[in-house]
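Descriptive structure summary
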Amino acid sequence: MSTITVGISDLNVAKGDDVLVTYALGSCVGICLYDKVNKVAGLSHIMLPNSKSFSGAPQPYKFADTAIIQLVQKMQRMGALPNRLQAKIAGGAQMFAAKGNTSLANIGERNVQAVKEELMRLRIPIIAEDTGKNYGRTLFFSASDGIMRIKSVNRGEFSW
Amino acid sequence: MNNYENLNEIQLDALREIGNIGSGNAATALSVMLQEPIDIEVPVIRVLEYEQVIESLGGPEQLLVGLMLQLGGDVTGMMMFLLKQEFAHLVLQQLMGVDFPENGELDAMAGSAIQEVGNIMAGSFVNAIGDMTGLTIDISVPDLCVDMTGAILSAPAIYYANISDKIICIEDRIGNQNMKAGTHVLMIPEEDSLEKIMNSLGLV
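Residues numbered from 1 in each chain as written. Chains lettered and ligands numbered in written order. Predicted model: local features only at pLDDT ≥ 70, side-chain atom pairs only at ≥ 80, totals over all residues. Heavy atoms only, no water.

Focus: the overall build of chain B
What counts here: Secondary structure elements are defined from DSSP: runs of H or I of at least 4 residues count as helices, runs of E of at least 2 residues count as strands, and each element is numbered from the N terminus. Note on classification: 1.4 Å probe, protein chains only; a residue is buried when its accessible area is under 20% of the maximum for its type, exposed when over 50%, partly exposed between these limits. Whether two residues are in contact is decided by their heavy atoms: any pair within 4.5 Å suffices. Per-residue and other accessible areas were derived by the Shrake-Rupley procedure at a 1.4 Å probe size, with only the shown protein chains allowed to occlude residues.
Within chain B one finds six helices and eight strands. Along chain B, helices (α) and strands (β) appear in the sequence α-β-β-α-β-β-α-α-β-β-α-β-β-α when read from the amino end. Projected onto its principal axes, the C-alpha positions of chain B cover 50 × 30 × 25 Å. Looking at the 204 residues of chain B, the share that counts as buried comes to 55%. Long-range pairs, those at least 24 residues apart, make up 73% of the contacts in chain B with a sequence separation of at least 6. For chain B, the accessible area works out to roughly 8,100 Å², and carbon and sulfur atoms hold 45% of it.

A short note on the nonpolar core
Applied cut-off: For our purposes a nonpolar core is just a set of buried Ala, Val, Leu, Ile, Met, Phe, Trp, Tyr and Cys residues, chained together by side-chain atoms within 4.5 Å.
In this structure, L139 of chain A together with L30, M80, F81 and F125 of chain B are the most contacted members of the largest nonpolar core, which totals 98 residues. By residue number, the principal contributor to this core is helix α4 (residues 108–133) of chain B, which donates nine residues. Core analysis: the second largest hydrophobic core is formed by 22 residues, A64, A80, V112 and A114 of chain A among them.

Considerations on the interface of chain B and chain A
The line we're drawing: By definition, the buried area sums, over both parts, the 1.4 Å-probe accessible area that each loses when the two are put together. A carboxyl oxygen of Asp or Glu within 4 Å of a side-chain nitrogen of Lys or Arg is what we treat as a salt bridge. Pairs of N or O atoms within 3.5 Å make up the polar contacts considered here, provided that, within protein, one atom can donate a hydrogen while the other can accept it, and that residues adjacent in sequence are counted only when both atoms are side-chain atoms.
Every contact between the two is made by 28 residues of chain B and, on the other side, 31 residues of chain A. With both sides pooled, the region where chain B packs onto chain A buries about 2,300 Å², and carbon together with sulfur makes up 67% of that total. Of all residues in chain B, E61, I158 and Y159 of chain B give up the largest surface area on contact with chain A, accounting jointly for 26% of the area buried on that side. Scanning the region where chain B abuts chain A turns up one salt bridge. Applying the counting rule to chain B against chain A returns 12 residue pairs in polar contact (both at pLDDT 80 or more). Of all the elements in the fold, those that place two or more residues in the side of chain B that touches chain A are α2 (50–56), β3 (63–73), β4 (77–83), β6 (143–148) and α5 (149–159) of chain B.

What to know about the state of the cysteines
Formally: When the sulfur atoms of two cysteines come within 2.5 Å, that pair is taken as a disulfide.
Counted under the stated rule, the structure contains zero disulfides over all chains. Not part of a disulfide, C32 of chain A finds its nearest cysteine sulfur in C28 of chain A, a span of 14 Å. The structure places no disulfide on C169 of chain B, whose sulfur is separated from the nearest cysteine sulfur, that of C145 of chain B, by 17 Å. Relative accessible area serves as the criterion here: at 0%, C169 of chain B is assigned to the buried category.

A word on the pairing of strand β3 (residues 19–25) of chain A
On a regular strand, each side chain points to the face opposite its neighbour's, so the side chains alternate between the two faces of the sheet. Residue and element names in this part refer to chain A. Rule in force here: Two strands qualify as a pair provided DSSP detects at least 2 bridges between them.
Counting buried positions along β3 yields six of seven residues, so the element is predominantly enclosed. In the sheet, strand β1 (residues 3–5) pairs with β3 via three bridges, with the strands oriented parallel. Note on β3: the bridge partner recorded for T3 is V19. Bridge count between β3 and strand β8 (residues 137–142): five bridges; the pairing is antiparallel. Across the sheet, residue V21 finds its bridge partner in β8, namely F140.

So, the pattern of salt bridges
Residues and elements named next belong to chain B. Tallied over the entire structure, the rule returns 11 salt bridges over all chains. Two residues, D13 and R16, come together in a salt bridge whose shortest N-O distance is 2.9 Å. Linking D13 with R16, this pair stays in helix α1 (residues 9–34), spanning three residues, or about one helical turn. Here D13 falls in the partly exposed class, since its relative accessible area comes to 43%. The partner of R173 in a salt bridge is E41, with the nearest N and O atoms 3.9 Å apart. In this pair, R173 is assigned in strand β7 (residues 166–175) and E41 in the loop between β1 (39–40) and β2 (44–49), connecting sequence segments 132 residues apart. Look at R173 and you get partly exposed, because its relative accessible area is 37%.

Focus: the sheet that holds β1 of chain A
Residues and elements named next belong to chain A. Rules: Under this scheme, a helix contributes an axis fitted over its contacting stretch, all axes are lines through C-alpha atoms, and angles between N-to-C directions fall in the 0 to 180 degree range.
Pairing is mixed across the open sheet formed by five strands, whose spatial order is β1-β3-β8-β9-β10. The sheet is open, and its two borders are formed by β1 and β10 (157–159), each paired with just one other strand. Strand-to-strand twist across the sheet, computed as the mean angle between neighbouring axes with direction ignored, equals 20°.

Next comes the structure, spelled out in structure tokens:
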């Protein structure tokens with residue numbers, strides 16, 4: 001078994017008994033996609049909802065609207081069928097109360113919303129979700145069974 | 001100047017001087033508050049990517065105390081104090097005689113004590129910038145978050161993604177005669193505010 005680390009604004013795929021991991025999701029969102037027949041797993045760590053408000057050539061893995069589709073394509077090349085994919089998502093926390101600055105307070109929520117819209121557009125159902133609240137999460141996603149495991153500082157570990 | 005990367009060497013030097021004087025002031029204020037001598041080493045000031053900041057603090061999962069302050073007045077943006085556990089421990093010991101809990105769960109009293117320290121240090125830090133530049137800078141009450149470094153830093157990284165994927169990072173080592181602990185101060189002035197600071201120093 002090997003562990004494949006997915007950094008911020010990054011994505012990757014895994015097969016066999018490999019495990020994808022992304023550390024310390026705060027207001028960012030981790031999107032796990034899984035084809036349970038061919039056992040192909042994919043994980044994307046997005047930072048922002050939408051690439052359209054950024055000029056130049058924005059890094060596509062950074063945004064919900066450009067990263068997830070690329071993850072799907074990468075999984076297809078590994079043998080996954082797009083219409084068989086299911087999603088589990090985590091993150092999008094509100095790390096600071098930020099009273100009086102709602103645009104800052106809502107960054108996590110906006111990310112979760114954008115991820116859900118994009119998954120709906122791609123017709124990928126969300127079968128598990130651990131989002132919002134006010135703490136960081138490390139996410140492990142195992143290719144052998146499609147289990148998403150969430151670890152946080154003081155709240156133990158949960159599997160989805 | 002739409003990106004901190006575009007700062008030239010002279011402007012970076014000015015930022016270093018600001019960080020230096022700001023950190024010195026903050027240490028003096030802390031010393032008064034804790035009623036004991038506080039030493040500070042010459043800070044290292046760099047423009048870093050968020051991931052480099054995270055690495056320099058011990059990696060994404062390292063438990064850290066984060067204080068976020070919003071800047072207002074002539075300079076808008078954000079300032080963050082990132083305190084390592086040892087530093088938080090020193091402060092809590094000195095102010096309340098209690099330990100920093102290993103799991104990071106601060107009770108209300110300890111939380112407000114840390115917030116107050118952040119408030120005092122940030123206030124004296126921005127006053128130093130104010131004195132150098134003639135600008136008026138207000139700070140909000142600090143917002144506290146004790147969690148994994150990567151998760152704490154996601155907030156400024158996302159909120160200011162339209163300004164820069166780099167950040168002005170002031171690495172301090174501060175403490176008393178027995179121990180020194182790292183604290184990082186992150187400065188995220190908004191675009192026109194950074195320009196204002198440079199303008200007021202005659203460096204554009």
